[in-house]
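Coordinate inspection notes
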Amino acid sequence: QVQLVESGGGLVQPGGSLRLSCAASGFTLDYYAIAWFRQAPGKEREGVSCISSHDGSTYYADSVKGRFTISRDAAKRTVYLQMNSLKPEDTAVYYCAIVDRLCDYRSYLPDSWGQGTQVTVSL
């Protein structure tokens, strides 16, 4: 059974940092990829980052390049999203989901993500 559990969100001030974790089980992590998505109030869900099992490449939305870093620990079956220099516009519920090895955000498995974790960046 595929299970993804997000954690690490919270309330931080602008310029602060958070490290999100996505704990995975029920599938072969190395064969697929894990992507982080977020959904802010009044906005569509968007892909923000992905780490590919095909060639190890990482991908970032333009809005987070230089501030976010995605990584994985295969032994722990966990993917991380280190978020630095957070901005109010980063406020959203963050989800992780299984995508294909080429990090096509459209390829996510329905219901592969969990409840998400809330990130709030506010003064």
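Anyway, here's the lowdown on the structure attached to this text. (Residues numbered from 1 in each chain as written. Predicted model: local features only at pLDDT ≥ 70, side-chain atom pairs only at ≥ 80, totals over all residues. Heavy atoms only, no water.)

1. Structural notes on the overall build of the protein
- Tallying secondary structure elements over the protein gives 0 helices and 10 strands in all.
- The N-to-C order of helical and strand elements in the protein reads β-β-β-β-β-β-β-β-β-β.
- Relative to the compact-globule value of 14 Å for 123 residues, the protein shows a C-alpha radius of gyration of 13 Å, a close match.
- A principal-axis box enclosing the C-alpha atoms of the protein has dimensions of 40 × 25 × 25 Å.
- Taking all 123 residues of the protein together, 43% fall into the buried category.
- By element, 47% of the accessible surface of the protein is carried by carbon and sulfur atoms, the whole surface being about 6,500 Å².
- Distance between charge centres in the protein, computed from 12 positive and 12 negative side chains, equals 4 Å. (Helix = DSSP H or I, 4+ residues; strand = E, 2+ residues; numbered from the N terminus. Rg over C-alpha atoms; globule rule 2.2 N^0.38 Å. Buried < 20%, exposed > 50% of the residue type's maximum accessible area, 1.4 Å probe, protein only. Areas by Shrake-Rupley, 256 points an atom, 1.4 Å probe, with all protein chains shown as cover. Lys, Arg positive; Asp, Glu negative; His and termini not counted. Charge placed at Lys NZ, Arg CZ, Asp CG, Glu CD.)

2. Concerning the pairing of strand E7 (residues 68-73)
- Sheet analysis places E7 next to strand E8 (residues 78-83), joined by 6 bridges and oriented antiparallel. The partner of Phe-68 across the bridge, within E8, is Met-83.
- Linking E7 back to E8 in an antiparallel pair, the connection comprises 4 residues, with Arg-77 at a positive phi of about 50 degrees. (Pairing = 2+ DSSP bridges.)

3. Concerning the environment of Lys-87
- Looking at the secondary structure, you find Lys-87 in the loop between E8 and strand E9 (92-99).
- Owing to a relative accessible area of 34%, Lys-87 belongs among the partly exposed residues under this scheme.
- The sequence separation of Lys-87 and Gly-16 amounts to 71 residues, and the corresponding C-alpha distance is 8.2 Å.
- Once you skip the residues sitting within four places of it in the chain, Lys-87 turns out to touch Arg-67 and Val-121. (Contact = heavy atoms within 4.5 Å.)

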